[in-house]
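# Structural overview for review
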Amino acid sequence: MDLGSGAGNDAFVARALVGETGKVIGLDMTEAMIEKARKNAASLKFTNVEFRLGEIEKMSIADNTADVVVSNCVLNLVPSKKKAFSQTFQILKPMGHFSISDVVLTQPLPASAQTAAELYAGCVAGALLKEEYLAIIKETGFKNVKVVIEKPLNVPEDLLKQHLSAAEMRSLDRSKPLALSITVYGEKP
């Protein structure tokens, strides 16, 4: 299962891993992306991928359906991470796992920046603190949760200055990155 599948690129990579007898389901909330993914799959003659319109916080996927859930920098854009991870837990089969790449914060983002469209588009405005993000995953019931990749994410100072006051800029600890790109792994017992 690929959450926030867009035009289908990650689903197409996964389809090679599941083989012809396996199946990959891509979920996206925009009709245009679902249409594009379906056209891409048809032109590539991929028969083991399916794309569905829907929201990550309320998936219309049966419980215990997926062996693996993947997502690439989408969950930080979802308003309720708790609902998103709860739904992910529900659709996974027992002993299934997820591997999710996402953006998290290393320090709180001032309120004025949390609604900035440019920061939202850059996947920063919707992000949670790393500790809070991981706590939600564990509270949902996932086990063996670990960050397997962690890289600093550059948020340009010029962009921050457009949305933060001088006092808010001074409150940021610029000795460390504001955001991180992480890949998290977790298992459903």
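A short tour of the structure in this document, coming up.

So, how was this worked out
- Note on numbering: residues in each chain are counted from 1, in written sequence order.
- Reporting of local features is limited, given that this is a predicted model, to residues whose pLDDT is at least 70; pairs of side-chain atoms are given and counted only at 80 or more, and all residues count toward the totals for whole chains, interfaces and linings.
- As a convention, hydrogens and water are excluded, and side-chain values are obtained from all of the structure's heavy atoms.
- To get an axis, a line is fitted to the C-alpha atoms, and for a helix only the part in contact is used. The angle between two axes follows their N-to-C directions and goes from 0 to 180 degrees.
- Each helix corresponds to a stretch of at least 4 residues labelled H or I by DSSP, and each strand to a stretch of at least 2 residues labelled E; elements are numbered beginning at the N terminus.
- Between 65 and 115 degrees an angle is taken as roughly perpendicular, under 35 as roughly parallel, over 145 as roughly antiparallel, and anywhere else as oblique.
- Here a crossing is called left-handed whenever its near helix is offset anticlockwise from the far helix by less than a right angle, and right-handed whenever the offset is clockwise.
- Contacts are assigned to residue pairs that have any heavy atoms within 4.5 Å of one another.
- Note on residue categories: nonpolar means Ala, Val, Leu, Ile, Met, Phe, Trp, Tyr, Cys or Pro, charged means Asp, Glu, Lys or Arg, and polar means any other residue, Gly included.
- Classification of residues uses two cut-offs on accessible area relative to the type maximum, computed with a 1.4 Å probe and protein chains only: under 20% is buried, over 50% is exposed, and between them is partly exposed.
- Positive charges come from Lys and Arg alone, negative charges from Asp and Glu alone, with His and the N- and C-terminal ends not counted.
- Salt bridges, as used here, are contacts in which a Lys or Arg side-chain nitrogen is within 4 Å of a carboxyl oxygen on Asp or Glu.
- Pairs of N or O atoms within 3.5 Å make up the polar contacts considered here, provided that, within protein, one atom can donate a hydrogen while the other can accept it, and that residues adjacent in sequence are counted only when both atoms are side-chain atoms.
- A pair of strands counts as paired when DSSP detects no fewer than two bridges linking them.

## A few points about the packing of helix H3 (residues 81-91) against helix H6 (residues 130-140)
Two elements in contact, H3 and H6, have axes separated by 9 Å at closest approach and are oriented at 40°. Relative to H6, the element H3 is oriented oblique. When you trace H3 past H6, the crossing you get is right-handed. Here H3 contributes Lys-81, Lys-82, Phe-85, Ser-86 and Phe-89 to the contact with H6, which in turn contributes Tyr-133, Ile-136, Ile-137, Glu-139 and Thr-140. Residues of the contact of H3 with H6, tallied by class, amount to 5 nonpolar, 2 polar and 3 charged.

## Things to note about the side chain of Glu-57
Positionally, Glu-57 belongs in the loop between strand S3 (49-53) and strand S4 (66-72). Despite its burial, Glu-57 pairs with no opposite charge, the nearest such side chain being Lys-83 at 5.7 Å. A polar contact of 2.7 Å, which involves the side chain of Glu-57, links it to the backbone nitrogen of Ser-80. Apart from the residues within four sequence positions on either side, Glu-57 is in contact with Val-78, Pro-79, Ser-80, Lys-83, Ala-84 and Gln-87.

## Side note on the sheet that holds strand S6 (residues 143-153)
Strand order across the open sheet formed by 7 strands is S3-S2-S1-S4-S5-S7-S6, with mixed pairing between neighbours. Strands with a single pairing partner mark the edges of an open sheet, and in this sheet they are S3 and S6. As judged from the 2 bridges shared by strand S1 (residues 2-3) and S4, these two strands associate in the parallel manner. Bridge assignment links Asp-2 to a residue of S4, and that residue is Val-70. Here helix H1 (residues 9-18) sits on the sheet in contact with S1, strand S2 (24-28), S3 and S4, set at roughly 140° to S3.

By themselves, these figures tell us nothing about what the structure is for.
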